[in-house]
Amino acid sequence: MTYGEVGRRDQPEKPITILINGKKCMAREGEIVLSVALREGVAIPHLCYEASLEPYGGCRLCMVEATDHGRTSMTTACSLRATEGLEVCTDTPEVVKYRNVLFELYLAEAPKSETIKEMAARYGVTKTSFLKKIDIEDALGGKCVLCGLCVRVCTEIMGAGAINFINRGPYTVVNTPYFEANTDCLGCGACANVCPTHAIQIEDRNGERVLHSWGGIKIPLKRCSSCGKYYTPEALAVSVQNTLMPPIRSDLAGFCPACRAKKCADMEIRAHMKTEGEGNHV
Amino acid sequence: MNGLRGISARRVAGLQKIKPDRPRIAVGLATCGTAVGGDRVYRRLQEVIENSGDDIMLTKTGCMGYCREEPLVNVTIPGKPLVVLHGVSTDDADEIVRAVRAGKVPYDRVLCQIPSWDHMSGTTIEYGRGFDQVPPYEDVPFFSHQKKVVLRNTGFINPEDLDEYLAVGGYAAAKKALTEMTPDAVIVEVERSGLRGRGGAGFPTGLKWRIAKKETGDQKYVICNADEGDPGAYMNRNEMESDPHMLVEGMIIGAYAVGAGEGLIYLRAEYPLAIKRLELAISEARTCGLLGKDIFDTGFDFDIRIVTGAGAFVCGESTALVASIEGKTGRPHPRPPRLTDLGGGLWGRPTVLNNVETWCNVPVIIQNGGDWFAEIGTEKNTGTKVFSLVGAVDRVGLVEVPLGTSLNTIVYEIGNGGANGKNVKAVQTGGPSGGCIPTRLFDMPMDYESLNRVGSIMGSGGIVVMDEETNMVDIARYFINFATGESCGKCVPCREGLKHTLLLLNKIMAGKGKENDLETLELLADTIKKTSLCGLGQSAPNPVLTTLAYFREEYDARVRR
Ligand SMILES: Cc1cc2nc3c(=O)[nH]c(=O)nc-3n(C[C@H](O)[C@H](O)[C@H](O)COP(=O)(O)O)c2cc1C
Ligand code: SF4
Ligand code: FES
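Here is what the cut-offs are and how they apply
Residues numbered from 1 in each chain as written. Chains lettered and ligands numbered in written order. Predicted model: local features only at pLDDT ≥ 70, side-chain atom pairs only at ≥ 80, totals over all residues. Heavy atoms only, no water. Helix = DSSP H or I, 4+ residues; strand = E, 2+ residues; numbered from the N terminus. Rg over C-alpha atoms; globule rule 2.2 N^0.38 Å. Buried < 20%, exposed > 50% of the residue type's maximum accessible area, 1.4 Å probe, protein only. Domains from an automatic or database assignment. Contact = heavy atoms within 4.5 Å. Buried area = accessible area lost by both parts, 1.4 Å probe. Polar contact = N/O pair within 3.5 Å; in protein donor to acceptor, adjacent residues only side chain to side chain. Nonpolar A, V, L, I, M, F, W, Y, C, P; charged D, E, K, R; others polar. Near = heavy atom within 4 Å. Areas by Shrake-Rupley, 256 points an atom, 1.4 Å probe, with all protein chains shown as cover. Salt bridge = Lys/Arg side-chain N within 4 Å of Asp/Glu carboxyl O. Pairing = 2+ DSSP bridges. 1 Å grid on protein atoms, 1.4 Å probe; cavity = no way out; pocket = protein on both sides within 12 Å on 5 of 7 lines; lining within 4 Å. Points joined across faces, edges and corners; volume = space filled by probe spheres on them. Core = buried A, V, L, I, M, F, W, Y, C linked by side-chain atoms within 4.5 Å. Axes fitted to C-alpha atoms, helices over the stretch in contact; angles between N-to-C directions.

J.: Please give an account of the overall build of chain A that cites residues and values.
T.: Counting its regular elements, chain A contains eight helices and 11 strands. Scaling as 2.2 N^0.38, a compact globule of 282 residues should have a C-alpha radius of gyration of about 19 Å, whereas chain A reaches 24 Å, well beyond that. Dimensions of chain A, computed from C-alpha atoms along their principal axes, come out at roughly 70 × 55 × 30 Å. A burial count over chain A gives 44% of its 282 residues as buried.

Put into structure tokens, the structure is as follows:
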């Protein structure tokens, strides 16, 4: 249960209408406004939002002006919930003014990130008046914006907790404890997949997955017992097999997804042919 | 019978200790008194009394708040007024005991006399008359403008003795609430009082309780925010050290009102004496059945435990505080959900979080009524507020005044203006993220709205006085440096914005600033205030914004044109 559901536990999910930039949008009561806007094709810049995780409110780029029952305030669209009659405006002069400063802060914090440069440019910000952060030893190559997505998927979804925030305030970075290779990492690569600025370096080579950004963790890859290709980190395979209820059938557990699909189809066809033969339809 | 285990006997015993039929000497032993040698005075007095064999009772009390004059020692001689001695040292011990033995007081150490003291909650202690040459309490300028409600017992009773708290009307309000009032009636009374949260934001306490009461769920919590992370602020520390039972009693009443079975006090580890005294208070209350099962035979169960905090400033923020109790990193999260919501509080349970002083206001509201309380202060800012008046002010101390009292009264009449004869230039209210208010605005009332209007905050009640020699740009830099170090690093305006604010201020202080740096500084500060996730970032730029507004010439003088 995400806490989005907690907030409206006893209300039925009734469809409502909210206004985003004057456009009528259908939403579920209590739905996150950022998610409504994205579905309706209204662009709101954001870095730390991910539908499967709890609202985080860290990047502050999704600031909008919201008017609810005559009360207007500036707030983040990723924590704002739809209620009947809510009016949202994504580009009032005030929102634009502050958002531009935030973009400038990001350009200085992650000067190597093309994603940030492109995103800022889309909103007309191409320069920063702030001193750029230069750290040649940065494991994330000057691209991290501390949106926390990698930490959250690693902890909340994968249950691994291999990486976390280190230090605080302007010294905050994300990495493994003591920047060392650790054994909590499953090698799943969810962190790299979810990273909006592609800051996390992961490479598969010579039968192992190397997590360059995370202290150079090396996780052996597992070979498919059918086709012989490397297809997943061993630690991840073990973890998945232990978490799935029921687990993958033992005769299929060693197969890569492609071979497993083939084998399943094969088994289905055989079984089907057998039941057909008996004239016993289910 | 539970809930009444020997309580009336203990009340009588307590009265005997406060007003014994022999002389009594009480040394102010809160952290502030101890810091200036109060404990040595206590030990010396103990020696002298033991050696002389006099029948004098020696005891300790909390702090009366007049920090500049500490150590403070109270002397009571049966039938005579209580006399407060100030600036007492170990050398004075012989003289004090000699005078007391003769039914007198050492005149060169007297501060004032108190013939009778109203502990509110229906109890007035009549000490007696006499010592006409000693000025009355009301004539001491530091005290004369104050109104002691929350601090009504501090300095009078022994905080390590439940008997004395009972003797001054303690736990009568809890008994009244639990045995004579419904939870709703308690909430209505708190609403009528107009009490607003003393932790900074001024949220109506009754409303918060009502929201939490409405929530369903198997368990609810009440939490006391005793994190007090503002440098220079120590009102909560004194409230806990000098009168810990008042907090416990307030929490019992609040828990009953919202239906909570467990209370937690989130107390910073840097307050060992407060921890010790609260632990003692809780265990004494438990022994008497004031905490635990079936309190006052009402079937209401409630207990309190103390959780020590790691001392990060941001852990005082409500959502970070709860995360910290749950063993997670103390980082704020966006609201909703609020703590009072199901799913939003501690372990997902509806939770009421209030500041120490907020809880301490509750017993007297129940005892004397919401209307009585609402008479104090102004219409929307009822009751009193304890301020810690510190910095370059002559009379440093803890000051309790009705909300709405002007800064002029606090700084000049109570504080006697600048220390060492210097002129006052400004005050900063509300801790490190409060604004700097210039003297020309000192006729403004101290209330939540007026403070916000001039760009500052109430915060937890710190007032730092700055004199004419203070460089306001440097002050802004000092506080931004503090805030940068305390930022949790979660959101970009606070994490990166404060860092760049600091860099800009360093540049300006070094004389390398340009005129457009001031514009950047202002825009940046404004952005941090408007877009940060939690109250830390939302208030941290106040020192910059107010010094830019009120002391612009000091910035201008430092930038190149
Ligand atoms: C950075 C930060 C620090 C805070 N520190 C404290 C504190 O030390 N004590 C406190 O009572 N409230 C503190 N607060 C306010 C709390 O978040 C909360 O509003 C308060 O405890 C609620 O209680 P009240 O309604 O009784 O004031 C802080 C807020 C912020 C943003
Ligand atoms: S405002 Fe500062 S302290 Fe608060 S969440 Fe943001 S970074 Fe953390
Ligand atoms: S997406 Fe809303 S704050 Fe990041």
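Moving on, there is more to tell.
J.: Can you tell me about the domain arrangement of chain B, naming the residues and giving the values?
T.: For an interface, size is often stated in terms of accessible area lost upon the parts coming together. All names here are of chain B. Here chain B is described as being made up of domain 1 (18–143), domain 2 (171–372), domain 3 (384–467) and domain 4 (472–560). Just the C-alpha atoms count here: the centres of domain 2 and domain 4 sit 35 Å apart. Of the residues lining the interface, 11 residues belong to domain 2; the matching set on domain 4 comes to eight residues. Across the domain 2/domain 4 interface, buried area totals approximately 810 Å², and carbon plus sulfur atoms make up 74% of it. By the criterion of area lost to domain 4, the three top residues of domain 2 are Phe-313, Arg-331 and Pro-332, representing 57% of everything that side buries. The tally of links between domain 2 and domain 4 comes to two residue pairs in polar contact (both at pLDDT 80 or more). Among the residues making up the side of domain 2 that touches domain 4, the classes are represented as six nonpolar, three polar and two charged.

J.: Lay out the site of ligand 1 with the relevant residues and their values.
T.: Residues and elements named next belong to chain B. Close contacts around ligand 1 come from 19 residues, with Gly-199, Asn-225, Asn-354, Asn-355 and Thr-358 the closest. One of the backbone N or O atoms of Gly-199 is found 2.6 Å from an oxygen atom in ligand 1. Thr-358 places a polar side-chain atom, nitrogen or oxygen, 2.7 Å from an oxygen atom of ligand 1. Considering ligand 1 on its own, with 610 Å² of exposed area, one finds that the protein chains cover 88% of that surface. Where the shell around ligand 1 is concerned, the elements lending two or more residues are β12 (351–355) and α21 (535–539). Class assignment for the residues of the shell around ligand 1 results in three nonpolar, 11 polar and five charged.

J.: Report on the interface of chain A and chain B, specifying residues and quantitative values.
T.: Taken together, the contact pairs 31 residues of chain A with 34 residues of chain B. Taken over both partners, the interface formed by chain A and chain B buries close to 2,800 Å², and the fraction arising from carbon and sulfur atoms is 62%. Sorting the residues of chain A by area buried against chain B places A:Tyr98, A:Arg168 and A:Pro170 first, and these three jointly supply 21% of that buried surface. At the junction of chain A with chain B, the criterion picks out four salt bridges. Among the salt bridges present, the one from A:Lys97 reaches B:Asp526, with a minimum N-O distance of 3.6 Å. Counting every contact that joins chain A to chain B gives 10 residue pairs in polar contact (both at pLDDT 80 or more). Contributing elements (two or more residues each) for the side of chain A that touches chain B: α1 (3–7) and α3 (93–109) of chain A. Sort the elements by how many residues they give to the side of chain A that touches chain B and α3(A) lands first, with eight residues.

J.: Before we move on, could you go through the pairing of strand β3 (residues 63–68) of chain A and cite the residues and values that matter?
T.: All names here are of chain A. One ladder, built from six bridges, connects β3 with strand β4 (residues 71–76); its direction is antiparallel. When the bridges of β4 are listed, Ala-66 appears paired with Ser-73. Where β3 folds back onto β4 in an antiparallel hairpin, the turn is made up of two residues, including His-69, whose phi is positive at roughly 50°. Here β3 runs beside strand β5 (residues 87–89); their pairing, made up of three bridges, is antiparallel. Each bridged residue has a counterpart across the sheet, and for Ala-66 the counterpart in β5 is Val-88.

J.: Describe the layout of surface pockets, listing the residues and the values that go with them.
T.: Each pocket or cavity is described by its volume, and for the second largest pocket that value is around 820 Å³. In this structure, the second largest pocket is lined by 27 residues; those nearest its centre are A:Glu54, A:Glu156, B:Ala323, B:Lys328 and B:His333. At the level of elements, α5 (149–157) and β6 (164–166) of chain A together with α13 (318–325) of chain B are the ones that each hand at least two residues to the lining of the second largest pocket. By residue number, the principal contributor to the lining of the second largest pocket is α5(A), which donates four residues. Across the lining of the second largest pocket, the residue classes break down as 11 nonpolar, nine polar and seven charged.

J.: Go over the nonpolar core with me, naming the residues and quoting the values.
T.: Grouped together as the largest cluster of nonpolar side chains are 115 residues, with contacts concentrated most on B:Tyr171, B:Trp209, B:Leu247, B:Ile265, B:Leu267 and B:Phe302. Tallying contributions element by element places helix α11 (residues 244–258) of chain B first for this core, with 10 residues. Not counting residues up to four positions away in its chain, the partners in contact with B:Tyr171 are B:Leu162, B:Tyr165, B:Leu166, B:His245, B:Val248, B:Glu249, B:Ile252, B:Ala285, B:Leu290 and B:Phe296. A:Val145, B:Val492, B:Met509 and B:Leu536 belong to the second-largest nonpolar core, a separate cluster that totals 54 residues.

J.: An account of the sheet that holds β3(A) is needed here, citing residue identities and associated values.
T.: Residue and element names in this part refer to chain A. With mixed pairing, five strands are arranged side by side in an open sheet as β2-β1-β5-β3-β4. On the outer flanks of this sheet lie β2 (23–28) and β4, each paired with one strand and no other. The average angle at which neighbouring strand axes cross in this sheet is 30°, direction not considered. Direction of pairing for strand β1 (residues 15–20) relative to β5: parallel, over a ladder of two bridges.

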